[in-house]
Amino acid sequence: MNALLNIALAASAFVGMEVFAWAMHRWVMHGSAWTWHESHHRPRTGPFERNDRFVLIFSLIAVALFAIGQVVPGLTAVAIGVTLYGVAYFTMHEVLVHRRLPPPFTPRSGYLAHLVAAHHLHHAVHTREGAVSFGFLYAPPLRKLRAQLRTLNRPPAPQD
Ligand SMILES: [Zn+2]
Ligand SMILES: [Zn+2]
């Protein structure tokens, strides 16, 4: 298979993973799998949290893709895209935002600082409902997220 096609497959998998991760976070983690994800919205009590099980599962899926890629043309390129996404996710989310490893630098402006600030807004809410900004490598403007946060968490109007 030619190199250009492999690069296109890997790039599509990388972008597709952000869409997939957004949907998983929005509808599954803040949905039926909240019992695992809730640990990520509480102070961590040890080196790991229940939510890390998702990372483990997705890593195993990437490993499986590499294995199947031995016999299915193009799947290794997809596996590479998925793995690169995993590395980017880990660096952004676990290192730059949550500092589970010492970050090599602290982004002060630009794209990375925007992502970090947006993810902190995600953590402004500690409940299944009412959260904003579910993506990891893309986030809408902060002003939009703050407005959405206010709308979702507006106290009920007093009854009279
Ligand atoms: Zn969350
Ligand atoms: Zn987080």
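Heads up: the structure comes first, above all this text.
Thresholds applied
- Residues numbered from 1 in each chain as written.
- Chains lettered and ligands numbered in written order.
- Predicted model: local features only at pLDDT ≥ 70, side-chain atom pairs only at ≥ 80, totals over all residues.
- Heavy atoms only, no water.
- Helix = DSSP H or I, 4+ residues; strand = E, 2+ residues; numbered from the N terminus.
- Buried < 20%, exposed > 50% of the residue type's maximum accessible area, 1.4 Å probe, protein only.
- Contact = heavy atoms within 4.5 Å.
- Areas by Shrake-Rupley, 256 points an atom, 1.4 Å probe, with all protein chains shown as cover.
- Lys, Arg positive; Asp, Glu negative; His and termini not counted.
- Charge placed at Lys NZ, Arg CZ, Asp CG, Glu CD.
- Phe/Tyr/Trp six-rings, centres within 6.5 Å; stacked < 30°, edge-to-face > 60°.
- Lys NZ or Arg CZ within 6 Å of the ring centre and 35° of its normal.
- Axes fitted to C-alpha atoms, helices over the stretch in contact; angles between N-to-C directions.
- Parallel < 35°, antiparallel > 145°, perpendicular 65-115°, else oblique.
- Nonpolar A, V, L, I, M, F, W, Y, C, P; charged D, E, K, R; others polar.
- Salt bridge = Lys/Arg side-chain N within 4 Å of Asp/Glu carboxyl O.
- Polar contact = N/O pair within 3.5 Å; in protein donor to acceptor, adjacent residues only side chain to side chain.
- Donors = N, O, S within 2.8 Å, 3.2 Å for Na, K, Ca; no water.
- Patch = residues over 30% accessible without salt bridge, like charges linked within 9 Å, V, L, I, M, F, W, Y side chains within 5 Å.

Here we come to the overall build of the protein chain. Scanning the protein chain from N- to C-terminus turns up six helices and zero strands. Within the protein chain, buried positions represent 37% of all 160 residues. Expressed as a percentage of contacts within the protein chain between residues at least 6 apart in sequence, the contacts between residues at least 24 apart total 53%. Of the roughly 9,800 Å² of accessible surface on the protein chain, 68% is carried by carbon and sulfur atoms. If you average the places of the 14 positive and of the 7 negative side-chain charges in the protein chain, the two averages end up 6 Å apart.

This paragraph deals with the packing of aromatic side chains. A complete count under the given rule lists five aromatic pairs for this structure. Seen in terms of ring centroids, Phe14 and Tyr85 are 5.7 Å apart; in terms of plane orientation they differ by 70°. Their pairing is edge-to-face. Separated by 71 residues along the polypeptide, Phe14 in helix 1 (residues 3-32) and Tyr85 in helix 4 (residues 75-97) bring together distant segments of the chain. Take Phe14: its relative accessible area is 28%, and that puts it in the partly exposed class. Both rings, one in Trp22 and one in Phe134, keep their centres 6.4 Å apart while their planes meet at 85°; by these two values the pair is edge-to-face. Within this pair, whereas Trp22 is found in helix 1, its partner Phe134 is found in the loop between helix 5 (110-122) and helix 6 (142-152), the two being separated by 112 residues in sequence. The ring of Trp27 has Arg26 lying over it, and the distance from NZ or CZ to the ring centre is 4.1 Å.

Moving on, we get to the packing of helix 4 against helix 5. Contact geometry for helix 4 and helix 5: axes closest at 11 Å, N-to-C directions at 70°. Comparing their axes, helix 5 and helix 4 come out roughly perpendicular. Note on element contacts: helix 5 touches helix 4 through Leu112, Leu115, Val116, His119 and His120, opposite Met92, His93, Leu96 and Val97. Grouping the amino acids of the contact of helix 4 with helix 5 by side-chain chemistry returns six nonpolar, three polar and no charged.

Relative to the elements of secondary structure, Glu18 occurs in helix 1. Here Glu18 is buried and forms no salt bridge, its nearest opposite-charge partner Arg26 lying at an N-O distance of 13 Å. There is a polar contact of 3.1 Å between the side chain of Glu18 and the backbone nitrogen of Leu137. The contacts of Glu18, once residues within four sequence positions are left out, are Tyr85, Gly135, Phe136, Leu137 and Tyr138.

So, about the coordination of the zinc ion (ligand 2). For the zinc ion (ligand 2), the protein coordination sphere consists of His40 (NE2), His93 (NE2), His98 (NE2), His119 (NE2) and His123 (NE2), at 2.0 to 2.3 Å. Here the donor residues for the zinc ion (ligand 2) map to a single chain with the spacing H-x52-H-x4-H-x20-H-x3-H. On the basis of relative accessible area, His119 is assigned to the buried category, the value being 2%.

In this section: a nonpolar patch on the surface. Taken together, the side chains of Phe66, Ile80 and Leu84 make up a nonpolar region of the molecular surface, amounting to roughly 250 Å² of accessible area. Take Phe66: its relative accessible area is 31%, and that puts it in the partly exposed class.

The subject of this paragraph is the pattern of salt bridges. All chains considered together, the criterion is met by five salt bridges. Residues Glu38 and Arg42 are paired through a salt bridge, measuring 2.9 Å at the closest nitrogen-oxygen approach. A residue is classified by how much of its surface remains accessible, and Glu38, at 27% relative accessible area, is partly exposed. One salt bridge connects Glu129 with Arg128, and the closest N-O pair in it is separated by 3.5 Å.

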